[in-house]
Amino acid sequence: MFNSTFIHIKSSSFSRALPSRHSLLKSRVLPILLFIVALQLIAGFFTYEHTLGFDEAMWQYIGRTWFRNGLVPYSGGVDNKSPLIFAVFGFSDKLFGVNYWFPRLLGIGFQSLGLYYVYKIVRYISTQQGALMALTIYGFSLVWHGTGGKYVSFTESYCVAFIIMAVYYSISGHRNKSFFISGALAGLAFMFNIFAFFGIFSIFIYLVLSKKSMTLSFLSGLLASLVMIAGLLSLAGIHIQDIFLYALYDNFGAGSVTDHPLSWELNNFFNHFFYSEMVLLLPGFIGYFFINKRNDIFLIWLACEFIGLGVIGTFTPQHFKHLLPALSIMNALCLSFLIENYGIPWKPIVIILWICFIPKLLEPIFSLKNQMGAKKAVADYNAPDNQESDYAKKMLGLWIKSNTAANDRVLVAGYGAIAQAYSERQSPTIYFNVTQTQLAKKIFFNDLQLHQPEMICVPTFAGYQLNVDADIRDFISRLTARQYEMKNRVPGYEIYLKNKD
């Protein structure tokens with residue numbers, strides 16, 4: 001398949017030289033995989049304050065209004081994500097109520113599936129040693145702080161896993177069926193995250209260059225997957241044009257999440273790449289060029305995914321997960337080449353690999369220390385410095401739930417998704433969490449005029465003044481002054497109730 005000596009399929013010389021070690025190495029796959037799963041569990045469950053995270057709360061709220069109240073995404077609530085992630089959280093709410101553990105466990109499951117397929121990719125084209133190193137490098141890098149290791153329930157967990165599986169079937173496939181499956185998996189990745197397009201495009205380029213006859217099968221699987229999922233969403237009442245409007249188009253205008261100057265983007269890139277654990281992957285990436293000068297699938301894959309990161313431009317840690325599979329495979333193949341061709345012992349390399357790449361899980365340790373008892377949690381909630389904490393917002397949500405009727409509409413001004421999710425109350429506007437594009441503002445103002453809530457919670461902490469546009473704050477201030485009366489104060493918020501007519 002490839003010209004490089006270190007990636008010959010099923011290297012017979014390696015098998016003959018190390019028959020017993022081959023079996024021993026094979027037996028190490030499951031322990032390593034389970035250890036990495038344990039690391040993901042630690043990162044995913046011990047770096048939060050026993051609450052839904054900000055983004056999780058967004059998806060929980062939209063999923064709940066969909067599954068409980070029949071208000072489909074973009075009609076019942078808006079975020080710039082695919083309906084599939086809302087369905088995950090809606091299904092979770094349907095089964096277990098407001099919770100964070102089910103979506104995180106599911107995300108860890110998909111990340112681990114992708115991890116196993118990284119192992120399978122390298123095992124197919126190289127040696128068992130290389131495959132184990134790929135398993136280790138990718139598994140550890142998934143849990144790094146610099147790659148958003150704690151965000152296990154995000155769309156990247158699903159999207160990247162499906163792309164990895166699609167790459168595997170494209171590399172290992174020999175019949176049309178394999179390439180159809182590859183396309184179908186790529187379609188699932190796209191429906192979880194539109195920016196999977198760049199990973200899909202890399203597979204398409206690879207097939208055109210090396211397996212042109214199979215390109216049609218891949219595209220057929222991709223189209224079939226997209227049509228099937230789009231059809232199901234349409235039957236559920238979700239309009240495809242709404243997905244592109246809210247999940248794509250409205251994210252590139254003024255006031256959107258990508259509305260930043262180039263200097264901000266470059267600074268974010270350097271901080272989250274060169275000043276993070278990501279630099280550990282650079283030596284193997286550079287070495288890969290010296291041992292394989294072909295523009296093979298991994299280089300194409302990495303280049304396309306990097307372009308995708310540049311198009312988004314925010315360079316947030318979890319976005320770097322798109323780069324990890326290709327970079328991890330390149331590093332593993334580079335190390336495998338050194339072992340096979342220069343006689344470097346396996347054990348020292350593995351020891352160095354573990355010392356350098358294993359996640360330094362300090363954040364979960366400090367978080368666990370802060371969560372040892374309820375007294376500490378209550379103290380955090382009431383402390384002025386913690387009024388913007390996720391835990392304080394959860395407590396506000398629970399307070400709202402106990403002080404309102406089930407059918408009352410409640411607006412939590414600003415970035416109030418966590419409180420809104422835990423309150424289990426419906427917002428009067430689809431923009432229940434502040435979004436500051438011109439389209440969002442227009443809809444927000446119109447919704448509040450048509451559906452005035454029974455309660456409005458207005459933040460008193462500095463972040464509200466600094467991060468929410470003045471026209472939104474002024475509109476809420478005028479509304480509460482005319483038709484509401486402040487009835488209560490809770491840490492960080494003033495509570496306004498609608499005047500009785």
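For the structure itself, consult the block above.
Since we're looking at a predicted model, the values are computed, not measured. (Residues numbered from 1 in each chain as written. Predicted model: local features only at pLDDT ≥ 70, side-chain atom pairs only at ≥ 80, totals over all residues. Heavy atoms only, no water.)

1. Regarding the overall build of the chain
Thought 1: Looking only at helices and strands, the chain has 24 helices and 4 strands in total.
Thought 2: Relative to its 501 residues, the chain shows a buried fraction of 56%.
Thought 3: When the accessible surface of the chain is totalled, it reaches about 21,600 Å², and 63% of it is carbon and sulfur. (Helix = DSSP H or I, 4+ residues; strand = E, 2+ residues; numbered from the N terminus. Buried < 20%, exposed > 50% of the residue type's maximum accessible area, 1.4 Å probe, protein only. Areas by Shrake-Rupley, 256 points an atom, 1.4 Å probe, with all protein chains shown as cover.)

2. Digging into the sheet that holds strand β3 (residues 484-490)
Sheets are built from strands paired through backbone hydrogen bonds, the pairs being either parallel or antiparallel.
Thought 1: The strand order β1-β2-β4-β3 describes an open sheet built from 4 strands, whose pairing is mixed. In this open sheet, the two edge strands, each paired with only one partner strand, are β1 (410-412) and β3. Strand-to-strand, the axes of this sheet are offset by a mean angle of 20°, without reference to chain direction.
Thought 2: Both strand β2 (residues 455-459) and strand β4 (residues 493-498) contribute to a ladder of 5 bridges, which runs antiparallel. Across the sheet, C457 pairs through a bridge with I495, a residue of β4. (Pairing = 2+ DSSP bridges. Axes fitted to C-alpha atoms, helices over the stretch in contact; angles between N-to-C directions.)

3. A few points about the pairing of β2
Regular strands place side chains that alternate from one sheet face to the opposite one.
Thought 1: Most of β2 sits out of view: 5 of its 5 residues are buried.
Thought 2: Residues of β2 alternate between two faces, with M455, C457 and P459 on one and I456 and V458 on the opposite face, all of them buried.
Thought 3: Relative to β2, β1 runs parallel, the two sharing 3 bridges. When the bridges of β2 are listed, L411 appears paired with I456.

4. Examining the packing of helix α14 (residues 282-291) against helix α16 (residues 324-342)
Thought 1: Here α14 crosses α16 at 60°, and the two axes come no closer than 8 Å. Classified by the interaxial angle, the pair formed by α14 and α16 is oblique. In terms of crossing hand, the pair formed by α14 and α16 is left-handed. Contact with α14, carried on its side by G284, F285, G287, Y288 and I291, involves L327, M330, N331, L333, C334 and F337 of α16 and no other residues of that element.
Thought 2: Its residues assigned to classes, the contact of α14 with α16 comprises 8 nonpolar, 3 polar and no charged. (Parallel < 35°, antiparallel > 145°, perpendicular 65-115°, else oblique. Left-handed = near helix turned anticlockwise from the far one by under 90°. Contact = heavy atoms within 4.5 Å. Nonpolar A, V, L, I, M, F, W, Y, C, P; charged D, E, K, R; others polar.)

5. Some remarks on the packing of helix α10 (residues 197-210) against helix α11 (residues 215-235)
Thought 1: Relative orientation of the contacting elements α10 and α11 amounts to 160°, with a least axis distance of 9 Å. With respect to α11, the axis of α10 lies roughly antiparallel. Residue-level inspection shows I200, I203, F204, L207 and V208 of α10 in contact with α11, the latter providing T215, F218, L219 and L222.
Thought 2: Grouping the constituent residues of the contact of α10 with α11 by class yields 8 nonpolar, 1 polar and no charged.

6. Looking at the pattern of salt bridges
Thought 1: Counting across every chain of the model gives 8 salt bridges.
Thought 2: Note that E56 is salt-bridged to R104, the shortest N-O span being 2.9 Å. Residue E56 is located in helix α4 (residues 54-67), and its partner R104 is located in helix α6 (residues 101-125); the two are separated by 48 residues in the primary sequence. Of the two residues examined, E56 and R104, each falls in the buried class.
Thought 3: Residue K487 is joined to E485 by a salt bridge in which the shortest nitrogen-to-oxygen separation is 3.6 Å.
Thought 4: Each of R68, D93, K401 and E424 takes part in one network of salt bridges that share partners. (Salt bridge = Lys/Arg side-chain N within 4 Å of Asp/Glu carboxyl O.)

7. What to know about the packing of aromatic side chains
Thought 1: What the rule picks out here adds up to 45 aromatic pairs.
Thought 2: Ring centres of Y116 and Y119 lie 6.0 Å apart, and the angle between their planes is 25°; this geometry places the pair in the stacked category. Highlighted residues: Y116 and Y119, both in helix α6, separated by 3 residues, approximately one helical turn.
Thought 3: When the centroid spacing of 4.9 Å and the interplanar angle of 90° are considered together, the rings of F140 and W354 count as edge-to-face. Pair noted here: F140 is in helix α7 (residues 128-142) and W354 is in helix α17 (residues 346-357), with a separation of 214 residues, a long-range link. (Phe/Tyr/Trp six-rings, centres within 6.5 Å; stacked < 30°, edge-to-face > 60°.)

8. What to know about the pairing of β3
Thought 1: Of the pairings in the sheet, the one linking β3 to β4 comprises 6 bridges and is antiparallel in character. Note on β4: the bridge partner recorded for M486 is Y496.
Thought 2: Between β3 and β4, which follow one another and run antiparallel, lie 2 residues, and G492 among them has a positive phi close to 90°.

9. Details of the environment of Y138
Thought 1: Residue placement: Y138 occurs in helix α7.
Thought 2: The exposure class assigned to Y138 is buried, which follows from its relative accessible area of 3%.
Thought 3: With 219 residues separating them along the chain, Y138 and F357 place their C-alpha atoms 9.4 Å apart.
Thought 4: Sequence-distant contacts of Y138, that is, excluding residues within four places in its chain, are made with G114, L115, V118, V160, I164, L324, P325 and S328.

10. Points about the side chain of Q436
Thought 1: Checked against the element boundaries, Q436 lands in the loop between α21 (417-423) and α22 (438-450).
Thought 2: The buried category is assigned to Q436, whose relative accessible area is 11%.
Thought 3: Side chain to side chain, Q436 and Y415 meet in a polar contact 3.5 Å long.
Thought 4: Sequence-distant contacts of Q436, that is, excluding residues within four places in its chain, are made with A254, G255, Y415, K441, N467, V468, D469 and I472. (Polar contact = N/O pair within 3.5 Å; in protein donor to acceptor, adjacent residues only side chain to side chain.)

11. Thoughts on the side chain of Q318
Thought 1: By secondary structure assignment, the location of Q318 is in the loop between α15 (297-312) and α16.
Thought 2: Residue classification places Q318 among the buried residues on the basis of a relative accessible area of 13%.

12. Focus on the nonpolar core
Thought 1: Within the largest apolar cluster, 142 residues are counted, with the highest numbers of intra-cluster contacts made by I171, M278, F298 and I476.
Thought 2: For this core, the element with the highest residue contribution is helix α8 (residues 155-172), accounting for 11 residues.
Thought 3: Filtering out sequence-adjacent residues up to four positions away, F298 remains in contact with I121, I125, I171, Y288, A326, I329, M330 and L333.
Thought 4: By size, the runner-up hydrophobic cluster in this structure holds 5 residues, among which are F195, F198, C304 and I312. (Core = buried A, V, L, I, M, F, W, Y, C linked by side-chain atoms within 4.5 Å.)

Everything listed here is a matter of coordinates, which is why it stays silent on function.
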